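Next come the chains, spelled out residue by residue.
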Amino acid sequence: GRHTVYVRGRDASGNWGPVSAAFLWVLDPATAGRIAGQTSNADDGSPVAADVSAGPFVTTADPVDGSYELLVPPGTYNVMARAEGFAPNTVADVDAVSGAVTTVDIELTPYRDILVDDVEGGNLGWTAQPPWNITDENFNSPTHSWTDSPGGDYDDDRNVSLTSMSLDLTEVTGVRLEFSHSYEIEEGYDHGYVEISDDDGASWTTIHSFTGNHPTWEAVVVELPQLDGTAAARLRFRLETDYYLTEDGWHVDDIILRGAGSLPTLDIFASGFESGDTDAWSVTFP
């Protein structure tokens, strides 16, 4: 069954530290259930060394043949497999029977890039609400990034966004956003928001917010299951400021949106300008 283990340490002077606790399962192999199978690449059937979990029980599949086995108390589990470079996959309602083996083979679909912008090729289709623009003053990968305030600090009372083109993710699962950023934003009063829309921009949901000073570049990875199967998805980076104090602002670089499944052909950077539709383009003067 499940037990609680309590641990605390004592230093050389005899002073005791705080108590920490952890759950520990003790299972009898003769009566426990076994969930076993293989994890493989859905594209070519090759083995994948995935982490496989059922409730609190976790193991790693063999990299040679993808085989795994979990010893679990009898019951019903959702069995999940995860591996770097693949969308996670879950098999629901798996019954683990006492003294028996339940076979669960799990296929993992490789991630494919839906949108990639290293900001080195100009505006690839973003709607950049001024003053959002491309700059070479700060960057993660040479030699450009997006910023809300090129050339200086942002202004007071601003609410400005960098918004993606509409993306058809109807056949896509395991959507994930990756980007790198640095920021100097008045802490607690001004904020940078990462937002997504599943209705082509009619409404927005905040998935991350940032405030304060972080002048060094860091990578961010966000799982976006909310966009799985969405016909008209968008993402945006939005800076909102108050009436007092300004700072250097937000720099965003190396933006990647990934997913698994049948990805659409995205001619998002091609235009013959014959339709008259220029919604995906922004214009500055002169």
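Please refer to the structure placed before this passage.
Predicted model, so just to flag it, every value in this text is computed and none were measured.

## Focus: the packing of aromatic side chains
Following the criterion strictly, the structure yields seven aromatic pairs and no others. Summarising the aromatic geometry, the rings of Phe 179 and Phe 237 are spaced 5.3 Å apart at their centres and angled 80° between planes, so their arrangement reads as edge-to-face. Taken as a pair, Phe 179 in strand β16 (residues 172–185) and Phe 237 in strand β20 (residues 234–240) lie far apart in primary sequence, 58 residues in all. Phe 179 sits in the buried class, given a relative accessible area of 2%. On the accessibility criterion, Phe 237 (0% relative accessible area) is buried. Note on Phe 210 and Trp 250: the rings are 6.1 Å apart at their centroids and 50° apart in plane angle, and the pair reads as tilted. Of the two residues, Phe 210 is situated in strand β18 (residues 205–210) and Trp 250 in strand β21 (residues 249–261); the sequence distance between them amounts to 40 residues. Accessibility assignment for this pair places Phe 210 and Trp 250 in one class, buried.

## Quick look at the side chain of Arg 234
Relative to the assigned elements, Arg 234 resides in strand β20. Leaving out residues up to four positions away in the same chain, Arg 234 has contacts with Thr 163, Ser 164, Met 165, Ser 166, Glu 195, Ile 196, Ser 197, Asp 200, Gly 201 and Trp 204.

## A word on the pattern of salt bridges
Evaluated as defined, the whole model comprises eleven salt bridges. When the shortest N-O distance is used, the salt bridge between Glu 178 and Arg 258 registers 2.8 Å. With Glu 178 in strand β16 and Arg 258 in strand β21, this pair connects stretches of sequence that are 80 residues apart. The pair Glu 178 / Arg 258 is uniform in exposure class, with both members buried. For Glu 240, the salt bridge goes to Arg 238, with nearest N and O atoms at 3.5 Å. Its relative accessible area of 31% is what places Glu 240 among the partly exposed residues. Counted as one network, the salt bridges with shared partners bring together Asp 113, Arg 176, Glu 178 and Arg 258.

## Considerations on the sheet that holds strand β8 (residues 89–96)
Hydrogen bonds between backbone groups are what pair the strands of a sheet, and the pairing can be parallel or antiparallel. Spatially, the four strands line up as an open sheet ordered β5-β4-β7-β8, and their pairing is antiparallel. Each edge of the open sheet carries a strand with a single partner, namely β5 (57–60) and β8. The sheet shows a mean angle of 20° between the axes of neighbouring strands, direction not considered. In terms of strand pairing, strand β7 (residues 75–82) meets β8 through six bridges, oriented antiparallel. Residue Tyr 77 lies in a different strand from β8, and its bridge partner there is Val 94.

Criteria and cut-off values
Residues numbered from 1 in each chain as written. Predicted model: local features only at pLDDT ≥ 70, side-chain atom pairs only at ≥ 80, totals over all residues. Heavy atoms only, no water. Phe/Tyr/Trp six-rings, centres within 6.5 Å; stacked < 30°, edge-to-face > 60°. Helix = DSSP H or I, 4+ residues; strand = E, 2+ residues; numbered from the N terminus. Buried < 20%, exposed > 50% of the residue type's maximum accessible area, 1.4 Å probe, protein only. Contact = heavy atoms within 4.5 Å. Salt bridge = Lys/Arg side-chain N within 4 Å of Asp/Glu carboxyl O. Pairing = 2+ DSSP bridges. Axes fitted to C-alpha atoms, helices over the stretch in contact; angles between N-to-C directions.

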